[in-house]
Amino acid sequence: MDWHQIFATRNDRMKASEIRELLKLLDQPDIISFAGGIPDPNLFPAEAFKEAFSDALGPETQATALQYSVSEGYAPLRDWIVGEMARLGIPCSRDNILITSGSQQALDYLGKLLLSPGDTALVGWPTYLGALGAFNAYEPRYDRLDPETNRSAEDYAEAAGEGRVKFAYMSVDFANPTGRTLDAAMRERVIDLADALDIAVIEDAAYQSLRYEGEALSPVLAREIERKGDINACRTLYCGSFSKTLAPGLRVGWVCGAQDVINQMVLLKQAADLHSSTINQMAIATVATAQFDSHVSKIKAAYLERRDWMLQALETHMPAGVTWTRPEGGMFVWLELPKGIDCAALLAQSLKTERVAFVPGHAFFADGSGTNTMRLSFSNANEDGIEEGIKRLGRLISAAF
Ligand code: PMP
């Protein structure tokens, strides 16, 4: 049977990326990989989780832990998140929080909630690849969100053609893939633009807790609440995650926003998967309550060291003409090579001759541009691997000039 004959049109844009296919080959032990943007498994609070799961399965809670539960999420976890949001300058109640299976699911639901085919999503150029993947199923057009230019709301609206601009999506702190952070003035400008266009703002805060230096910037949602007085009057939807702080395999994230939106998303969740894993939410609640801050301090110290090793190695080994970001947190450094150098071709060559992996940047651009860019992750590498890998990469890039 030719299945493609009966696949719905929304599948047309859901293609396996050739990069992901290539990166699947990376298990070989002699490859130094800066490709995967994943946490270091040696830093997982495994002992604490062992105890938390064991407690959840104890006589008093096992019925809850293993039973169906409400779509909104496990109440004690939502309450813990309310406290965390308050610390970030986002006063809200439990009814403003929906637990999702990772923030990836929140992105999918927000696409489903907001995008009709042909509507426009404003995204960064580049932006998080997984956000494009989630939104693609809803057949949007993409336009470049660039708050640094003074592009008018009318101009954005006009470019949307027959559809309508529905939201601006941003990874605000130590973005994936660039490592850049949106400064205060730009955050304010995005709210102005969203107000003028009457659209939602999706604030992807996946890396928010991983700041290694510099002053924390208050979230877009906190700024909007300052202006409007009440979260229920706000258009920003904050997507949080425990993946980078505690453990991605448990798939627990959340959306925080106006109750009207949360209520509708609860219906989407009911229809899609009923609820996120009850026992995983219980374990996350237990571990977060006991040691979120101390655990996050520990992983930040480890990642800071790795970031510094990478920045130092880039300084030493990259030829003139290559520039890179200096992230204040997160997991990524973004390299720009001279125009004309194709980083996808460079990766193919690197895997053959230098045995170093990275992600070619064009995958993060909605229009496939940015062929002279690449993303390097430092979260899973050690000092020797970083020094040797960047040395090899510098040699490869120098030869490509
Ligand atoms: N947003 C960004 C910017 C990410 O980098 C990731 C994970 N790579 C996610 C969202 C999704 O993370 P999760 O679903 O594990 O919360």
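Keep in mind the model is a prediction, meaning the values are calculated, not measured.

(A) Layout of the overall build of the protein. Of regular secondary structure, the protein possesses 13 helices and 13 strands. By the compact-globule yardstick of 21 Å for 401 residues, the protein fits well, its C-alpha radius of gyration being 21 Å. Viewed in the frame of its principal axes, the protein has a C-alpha envelope of about 60 × 55 × 55 Å. A total of 401 residues make up the protein; the buried ones form 47% of that total.

(B) A look at the site of the ligand. If you check the shell around the ligand, you find 14 residues, and the closest are Gly-102, Ser-103, Gln-104, Ser-241 and Ser-243. Broken down by element, the shell around the ligand gets its largest block of residues, 3 residues, from helix H5 (residues 102–114). When grouped by side-chain class, the residues that make up the shell around the ligand number 3 nonpolar, 10 polar and 1 charged.

(C) Inspection of the environment of Ala-357 at higher detail. With respect to the helices and strands, the residue Ala-357 is situated in strand S11 (residues 356–357). We classify Ala-357 as buried; it has 23 C-beta atoms within 10 Å. Through-space distance from the C-alpha of Ala-357 to that of Arg-151 is 37 Å; in sequence the pair is 206 residues apart.

(D) Representation of the pairing of strand S10 (residues 332–336) in the model. Extensive coverage of S10 is indicated by the burial of 4 of its 5 residues. Of the strand pairs in this sheet, strand S9 (residues 323–324) and S10 are connected by 2 bridges, and their pairing is antiparallel. Its bridge partner lying in S10, Trp-324 is registered against Leu-335. Bridge count between S10 and strand S13 (residues 373–377): 5 bridges; the pairing is antiparallel.

(E) Structural detail: the domain arrangement of the protein. The assigned domain composition of the protein is domain 1 (3–45 + 293–400) and domain 2 (46–291). Computed over C-alpha atoms only, the centres of domain 1 and domain 2 are separated by 25 Å. Across the boundary between the two partners, domain 1 contributes 30 residues, which contact 36 residues of domain 2. Among the elements of the structure, helix H11 (278–317) and S10 are those that each provide at least two residues to the side of domain 1 that touches domain 2. For the side of domain 1 that touches domain 2, the element with the highest residue contribution is H11, accounting for 7 residues.

(F) Quick look at the UniProt feature "domain: Aminotransferase class I/classII large" (unreviewed entry) in the protein. The positions that UniProt labels "domain: Aminotransferase class I/classII large" (unreviewed entry) are, in the present scheme, residues 45–393. Along residues 45–393 the backbone is 45% helical and 14% strand, and the end-to-end C-alpha distance reaches 33 Å.

(G) Spatial organisation of the pairing of strand S8 (residues 253–256). Neither face of S8 is exposed, since Gly-253 and Val-255 on one face and Trp-254 and Cys-256 on the opposite face are all buried. In the sheet, strand S2 (residues 97–100) pairs with S8 via 4 bridges, with the strands oriented antiparallel. The residue of S8 that forms the bridge with Leu-98 is Val-255. Where strand S7 (residues 236–241) meets S8, 4 bridges bridge the pair, whose relative direction is antiparallel. Of the residues in S8, the one forming a bridge with Cys-239 is Val-255.

(H) Representation of the confidence of the model for the protein in the model. Chain-level statistics for the protein give a pLDDT mean of 95 and a share of 98% at 70 or above. In the predicted assembly, ipTM is 0.99 and pTM is 0.97.

(I) Layout of the nonpolar core. Membership of the largest hydrophobic core comes to 115 residues, with the highest contact counts inside it found for Phe-167, Ala-168, Val-201 and Ile-284. No other element matches H11, which puts 12 residues into this core. Those residues in contact with Ile-284 that lie beyond four places of it in its chain are Leu-77, Phe-242, Leu-246, Leu-250 and Val-252.

(J) Structural context of the packing of helix H4 (residues 75–87) against H11. Running from N to C, H4 and H11 point in directions that differ by 40 degrees, and their axes come no closer than 8 Å. As far as their axial angle goes, H11 and H4 are oblique. As H4 packs across H11, the resulting crossing turns out to be left-handed. Every residue of H11 that contacts H4 at Pro-76, Leu-77 and Trp-80 is listed here: Gln-281, Ile-284, Ala-285, Ala-288 and Thr-289.

(K) Spotlight on helix H10 (residues 259–272). Helix length check: H10 (14 residues) gives 20 Å between terminal C-alpha atoms against 20 Å at 1.5 Å per residue, within 8%. Along H10, the positions that sit buried rather than exposed are Val-261, Ile-262, Met-265 and Lys-269. Along the axis of H10, the buried residues cluster in a sector spanning 90 degrees; they form a single face. Exposed and oriented more than 90 degrees from the buried face of H10 are Asp-260, Asn-263, Leu-267 and Ala-271. Where the residues of H10 are buried, they touch S2, H5, S7 and S8. Directly beyond the C-terminal end of H10, a positive phi value near 65 degrees is found at Leu-274.

Criteria and thresholds
Residues numbered from 1 in each chain as written. Predicted model: local features only at pLDDT ≥ 70, side-chain atom pairs only at ≥ 80, totals over all residues. Helix = DSSP H or I, 4+ residues; strand = E, 2+ residues; numbered from the N terminus. Rg over C-alpha atoms; globule rule 2.2 N^0.38 Å. Buried ≥ 20, exposed ≤ 12 C-beta atoms within 10 Å, placed from the backbone. Near = placed C-beta within 6 Å. Nonpolar A, V, L, I, M, F, W, Y, C, P; charged D, E, K, R; others polar. Pairing = 2+ DSSP bridges. Domains from an automatic or database assignment. Contact = placed C-beta atoms within 7 Å. UniProt positions renumbered as here; feature names shortened; annotations may be inferred. pLDDT = per-residue confidence, 0-100. Core = buried A, V, L, I, M, F, W, Y, C linked by C-beta atoms within 7 Å. Axes fitted to C-alpha atoms, helices over the stretch in contact; angles between N-to-C directions. Parallel < 35°, antiparallel > 145°, perpendicular 65-115°, else oblique. Left-handed = near helix turned anticlockwise from the far one by under 90°. Expected span 1.5 Å × (residues − 1). Arc of directions from axis to C-beta.

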